[in-house]
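Structural description and commentary
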Amino acid sequence: MREGYVLLTLNPDQQPIVIRRSWWRSWNRLSRLQKNLITTLSFFIIVVIFYKWIWSGGVLLEEEYHIKPYTVALLNSNKVISIAPDKVEKQEIKENVVDIPEQAAQAQVDQPVFFQQMSNNNINEELTDRQKAVVSAFKHAWKGYKKWAWGHDNLRPISKKPSNWFKLGLSIVDSIDTMYIMGLKEELKEAQNWVEHSLKFTEYNDVNLFEVTIRVLGGLLSAFHLTGESVYKDKAKDLGERLLPCFTQSPSPIPYSDVNLASHNAHSPGWGPDSSTSEVTTIQLEFRDLSRITNDPKFEEAASKVSKHVHTLQKLDGLVPIFINPKNGLFQSYSDIKLGARGDSYYEYLVKQWIQTGKTIKYLHDDYVEAIKGVEKHLVNRTSKRKLLFIGELKGGSKDYVPKMDHLVCYLPGTLALGYHHGLPESHMKLALDLLQTCYYTYADRPTFLAPEITYFSLQDDGRGEMYVKNSDAHNLLRPEFVESLWYIYQITGNTTYQDWGWQIFQAFEKYTKVPDGYTSIGNVNDPKDTKPKDMMETFFLSETLKYLFLLFSNNRKLLDIDKYVVNSEGHPVPIYSS
């Protein structure tokens, strides 16, 4: 027997029990406080391990499974109904019905797990014919950009020249996740190489906080979650540091709209002292995700202060003016109230932040629900003949009602449906479907089957038509908002009619906007023989419009699962966290 051990036996037939004397002596030498601390810590570790074992094993109490009724959407129908829990079996599957729990699953994601199944398979073998057509369109656009504008922000596809806005290679960074989703490995490799060696934030030029956040920071974050490549995280952190002066140099919680990335000097825009409300409230998803992947809370804290501050300001039944002053942190009372330009994504990011944080921040939920009630009370109206529902505007100061709607407002059906999918009122889905139909007619009623930038609506028969377009508003910039909403509602309902609507629009893009070296925005949707090409391919055509069409045309409605990911205002998905 080695020194330091003692043998114990309970009876002659039993095997001896060996106790390590040195361990026992050490324990007895501990103070009572030390013993209590060790015992408590051991108990805590056992509880955590036990909890994780149960949760990872998929254990779910039967009574918890049936707490809330199911929401079902009938395929090939706009009808959405609720079914009492006692009428639905746990594993019941019925023909032409898709069960969607009102409380969506929450995912704590701290590493790249995005599209694992897609990464492990040859995605090109599973594409539908419509998806293949969209991939072909992307490759055509990318070929023109690569040939004539590589490393620059935009392509002028007709004059075959580059165009710069911020000198950050916007078309490249904005397109990385689209390439990944489409399975374009060669293009993705080229883009990553450019980001690693050529994307720099050291030029002395001013950039817009909002635009760079949703396009560049959002694109880098999404690329990191998709690929796991650390270069994207490193670039995102560098950019985030350079954007922070917009917050830290402002005298109020409202950030300045512009900053010089090299000098770190932040300021208001050249056109005036104010910031756009939508711009300062459409940066939170990205800054929060940056904090989560870097374990540095300063980004999330800076952006969250904006939302918290806006929450305290006086509103019109949840509706906000479109300008806010960073000097005093107050809305400009003379500014318009609308869900189009400069107002739109404030509402979008309320519900998306709530979802991103695992539905744990109550004021975001409450502000969004109140705002939608305000929309229904003050902005919703219908046309005189077809009774098409649209979202009008209130003029600043007088608050007179203006029956006009930006194409940008067509993001709202998708946002409403997303909130409904995550447990918000059924009335939101009804509003979404009604507005979606109107947005469709802004396309279908034009001879080009392309929507104008702004549509006016008649509340009575005044000879101008139910919907009419002014010459100055007849341009189409290849915008994504309507096909974005089609994708959300297709994923939620399974209604293939929305795929057909998207296909009609894609064919119109092919017919009227495709040129030999890419795609161009056009100046006139009212005349198929004179569309007045504008010689500009916006980056959101690659990052959003084609991406949403690709997702819309998939037979797998959850190819990008809205129960696991929230998509920023530029089409870049980031994970949903549990808190």
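Keep in mind it's a predicted model, so treat the numbers as computed, not measured.

1. Thoughts on the pattern of salt bridges
Following the criterion strictly, the structure yields 27 salt bridges and no others. One salt bridge in this structure joins Arg 215 and Glu 570, with 3.9 Å as the shortest N-O distance. Residue Arg 215 is found in helix α9 (residues 209–227), and its partner Glu 570 is found in the loop between β22 (565–567) and β23 (573–575); the two are separated by 355 residues along the sequence. In terms of burial, Arg 215 and Glu 570 fall into one category: buried. When the shortest N-O distance is used, the salt bridge between Lys 558 and Asp 563 registers 3.4 Å. A relative accessible area of 37% places Lys 558 in the partly exposed class. By relative accessible area, which is 14% here, Asp 563 ends up buried.

2. Regarding the sheet that holds strand β19 (residues 467–468)
Strand order in the open sheet made by the 3 strands is β17-β18-β19, with antiparallel pairing throughout. Two strands in the sheet have a free side with no partner beyond their single neighbour: β17 (404–406) and β19. Here strand β18 (residues 454–457) runs beside β19; their pairing, made up of 2 bridges, is antiparallel. Its bridge partner being in β19, Tyr 456 is matched across the sheet by Tyr 468. Along the sheet, helix α18 (residues 426–444) makes contact with β17, β18 and β19, crossing β17 at roughly 85°.

3. Describing the sheet that holds strand β8 (residues 206–208)
With respect to topology, 3 strands assemble into an open sheet ordered β8-β9-β10, the strand pairing being antiparallel. At either margin of the open sheet sits one strand with a lone partner, and together these are β8 and β10 (266–267). Inspection of the sheet shows strand β9 (residues 258–260) paired to β10 by 2 bridges, in the antiparallel sense. By the bridge assignment for β10, Asp 258 is matched with His 267.

4. Notes on α9
With 19 residues, α9 extends 25 Å between its outermost C-alpha atoms, agreeing within 8% with the 27 Å of an ideal straight helix rising 1.5 Å per residue. Where α9 bends most, the angle comes to about 30°, and this point is Gly 218. Most of α9 is tucked away, with 18 of its 19 residues classed as buried. Among the residues of α9, the N-terminal cap falls to Asn 208, whose side-chain oxygen and the backbone nitrogen of Phe 210 are separated by 3.0 Å.

5. Some points on unusual backbone geometry
The backbone of Lys 167 shows a phi angle near 60°, a positive value even though the residue is not glycine. Along the chain, the position of Lys 167 falls in the loop between β7 (161–163) and α6 (170–173). Judged by its relative accessible area of 46%, Lys 167 is partly exposed. Of note, the phi angle at Asp 317 is positive, near 50°, even though the residue is not glycine. Secondary-structure assignment places Asp 317 in the loop between α14 (298–312) and β12 (323–324).

6. Overview of the environment of Asn 381
On the secondary structure map, Asn 381 appears in strand β13 (residues 380–382). In this structure Asn 381 comes out as partly exposed when scored by relative accessible area, which is 27%. Residues Asn 381 and Leu 459, spaced 78 residues apart in sequence, show a C-alpha to C-alpha distance of 8.2 Å. For Asn 381, the residues in contact, after removing those within four places along its chain, are Leu 388, Leu 389, Phe 390, Tyr 401 and Leu 459.

7. Observations concerning the pairing of β18
The side chains of a regular strand alternate, first on one face of the sheet and then on the other. Side chains Ile 454 and Tyr 456 of β18 all project onto a buried face; the interleaved residues Thr 455 and Phe 457 project onto the opposite face, where all are buried too. Two elements, β17 and β18, share 3 bridges in a ladder whose sense is antiparallel. Within the sheet, the bridge partner assigned to Lys 404 lies in β18 and is Tyr 456.

8. A word on the environment of Asp 234
With respect to the secondary-structure elements, Asp 234 resides in helix α10 (residues 230–243). Given a relative accessible area of 48%, Asp 234 falls into the partly exposed group. Considered as a pair, Asp 234 and Glu 196 are 38 residues apart in the sequence and their alpha carbons are 9.6 Å apart.

Thresholds applied
- Position numbers for residues count from 1 along each chain, tracking the sequence in the order it is written.
- It should be noted that, the model being predicted, local features are given only for residues of pLDDT at least 70 and side-chain atom pairs only at 80 or more, the latter also being counted only at that level, while totals for whole chains, interfaces and linings use all residues.
- Side-chain measures were taken over the full set of non-hydrogen atoms in the model, leaving aside hydrogen atoms and water.
- The term salt bridge refers to a side-chain nitrogen of Lys or Arg lying within 4 Å of a carboxyl oxygen of Asp or Glu.
- By definition, any uninterrupted DSSP run of H or I lasting at least four residues is a helix, any uninterrupted run of E lasting at least two residues is a strand, and each is numbered from the N terminus.
- To sort residues, take the accessible area from a 1.4 Å probe on protein chains only and compare it with the maximum for the residue type: under 20% means buried, over 50% means exposed, and anything in between is partly exposed.
- A strand pair is defined by DSSP finding two or more bridges across the two strands.
- Any two residues whose heavy atoms approach within 4.5 Å are treated as being in contact.
- Orientation is described by lines fitted to C-alpha atoms, with helices fitted over the stretch in contact, and by angles between N-to-C directions that extend from 0 to 180 degrees.
- Multiplying one less than the number of residues by 1.5 Å gives the expected span of a helix.
- The angle separating two fitted axes, one through the seven residues that finish at a residue and one through the seven that start at it, defines the bend at that residue.
- Throughout this description, a polar contact denotes any pair of N or O atoms lying within 3.5 Å of each other; where both atoms belong to protein, one of them has to be capable of donating a hydrogen while the other can accept it, and for residues adjacent in sequence the pair is counted only when both atoms sit in side chains.

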